[in-house]
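What follows is the residue order along each chain.
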Amino acid sequence: MTGALGRAGMLCGAVILAAASPAAMAAAQPNTRLVSCGESDCLQVSGYRADPQAQVLVNGHPIEVEGRKAWKAVLPLDTVRAWSRPLARSIDVNIGTEASPVMRAPLPIGLLGYSRDIAFLVVGDR
């Protein structure tokens, strides 16, 4: 009987470990996307926090968020540029304080990259 209970306990442990897998933990990572806000573009940052009262910081700056455990915030691109290093590919998100673990949220490709004017664009047929 002990052997069967031991195997059942190991199976339960495996299920718990699978729930804490990198794929499950990635769902808790903050996400970003470009959204329209009025006449300009903004960056929407969203994520999850265990404590609905916990402060959310982006690149060390506290932000106002909507929602409780699942939250989102919309930041003007000028603010994101001012708070980020040049050519950044991600932003740092902390839940709680600046001393809390940092989660990196990838930015949309080229968001803070070089701005170049294109003289023309060639689209080919295939």
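Here the structure is a predicted model, which is why all the values come from computation and not from measurement.

I tried to follow the sheet that holds strand β4 (residues 61-63) on my own but got confused; where do I start?
Neighbouring strands of a sheet are bound in pairs by backbone hydrogen bonds; such pairs are parallel or else antiparallel. Taken in spatial order, the four strands of this open sheet run β4-β3-β7-β8, and their pairing is antiparallel. The open sheet has two edge strands, β4 and β8 (103-106), and neither has a second partner. Pairwise comparison of adjacent strand axes, ignoring direction, gives a mean angle of 35 degrees for this sheet. In terms of strand pairing, strand β7 (residues 90-95) meets β8 through four bridges, oriented antiparallel. Paired with Asp92 across the two strands is Arg104, which belongs to β8.

Explanation requested: the pairing of strand β2 (residues 40-48) in the structure shown.
Regular strands place their side chains on alternate faces of the sheet. By the bridge criterion, seven bridges tie strand β1 (residues 31-37) to β2 in an arrangement that is antiparallel. Counted as the bridge partner of Cys37 is Ser40 from β2. Counted between consecutive antiparallel strands, the loop separating β1 from β2 contains two residues, among which Gly38 sits at a positive phi close to 70 degrees. Alignment of β2 against strand β6 (residues 70-76), held across seven bridges, turns out to be antiparallel. In the sheet register, Gln44 faces β6, and the bridge partner there is Val74.

What counts and how
- Residues numbered from 1 in each chain as written.
- Predicted model: local features only at pLDDT ≥ 70, side-chain atom pairs only at ≥ 80, totals over all residues.
- Heavy atoms only, no water.
- Pairing = 2+ DSSP bridges.
- Helix = DSSP H or I, 4+ residues; strand = E, 2+ residues; numbered from the N terminus.
- Axes fitted to C-alpha atoms, helices over the stretch in contact; angles between N-to-C directions.

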